[in-house]
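For reference, the chains in residue letters:
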Amino acid sequence: MSDTTTATDKPTVLFVCVHNAGRSQMAAGYLKHLAGDRVEVLSAGSEPKDQINPVAVEAMAEEGIDIANNTPKVLTTEAVKASDVVITMGCGDTCPIFPGKRYEDWELDDPAGQGIESVRPIRDDIKRRIETLVGELLHTA
């Protein structure tokens, strides 16, 4: 067993929400922060906004994680095919399903239009879920 990781050994995680401006961006930010280069992180939306939710940016900045320069992206079939784990956050049935992928649906409030006091608990819930996910993806056999 080798401790070196090649690109093909890295799990790829795709976070999907409707606008790819809040929840999925915060989740991607946490996973990049906590897993570093050991996990490939993607995020997308079924109807992406033009920019990241500024309150989500502020909430993550409080945690020392900068997502300000991220850009919402449109969900593609290719992104789903390239992923090992697909985590949806209220995007309904718009996410294509492929056999052999791990799918999870995280029920989270949408931070859109909410103030920082309302977004912090959403951020903290995402952080707990990401910490669990990191433990599952990067466990050592």
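These figures come from a predicted structure and were not determined experimentally.

Describing the nonpolar core
- Residues Val13, Phe15, Leu31 and Ile130 are the most contacted members of the largest nonpolar core, which totals 32 residues.
- Elements supplying a minimum of two residues to this core: strand E1 (12–17), helix H1 (23–35), helix H2 (54–61), strand E3 (85–89) and helix H4 (116–137).
- Among the elements that line this core, the one with the most residues is H4, at eight residues.
- Setting aside anything within four residues of it in sequence, one finds Val13 in contact with Leu31, Val39, Glu40, Val41, Leu42, Val85, Ile87, Leu133 and Leu137.

A closer look at unusual backbone geometry
- Here the phi dihedral of Asn20 falls at roughly 50°; this positive angle occurs in a residue that is not glycine.
- When you line up the elements, Asn20 lands in the loop between E1 and H1.

Quick look at the pairing of E3
- Most of E3 is tucked away: five of the five residues are buried.
- With five bridges connecting them, E1 and E3 associate as parallel partners. The partner of Cys17 across the bridge, within E3, is Met89.
- As paired strands, E3 and strand E4 (residues 102–105) are joined by four bridges and run parallel to one another. Along E4, the bridge assignment pairs Thr88 with Asp105.

Rules used throughout
- Residues numbered from 1 in each chain as written.
- Predicted model: local features only at pLDDT ≥ 70, side-chain atom pairs only at ≥ 80, totals over all residues.
- Heavy atoms only, no water.
- Core = buried A, V, L, I, M, F, W, Y, C linked by side-chain atoms within 4.5 Å.
- Buried < 20%, exposed > 50% of the residue type's maximum accessible area, 1.4 Å probe, protein only.
- Helix = DSSP H or I, 4+ residues; strand = E, 2+ residues; numbered from the N terminus.
- Contact = heavy atoms within 4.5 Å.
- Pairing = 2+ DSSP bridges.

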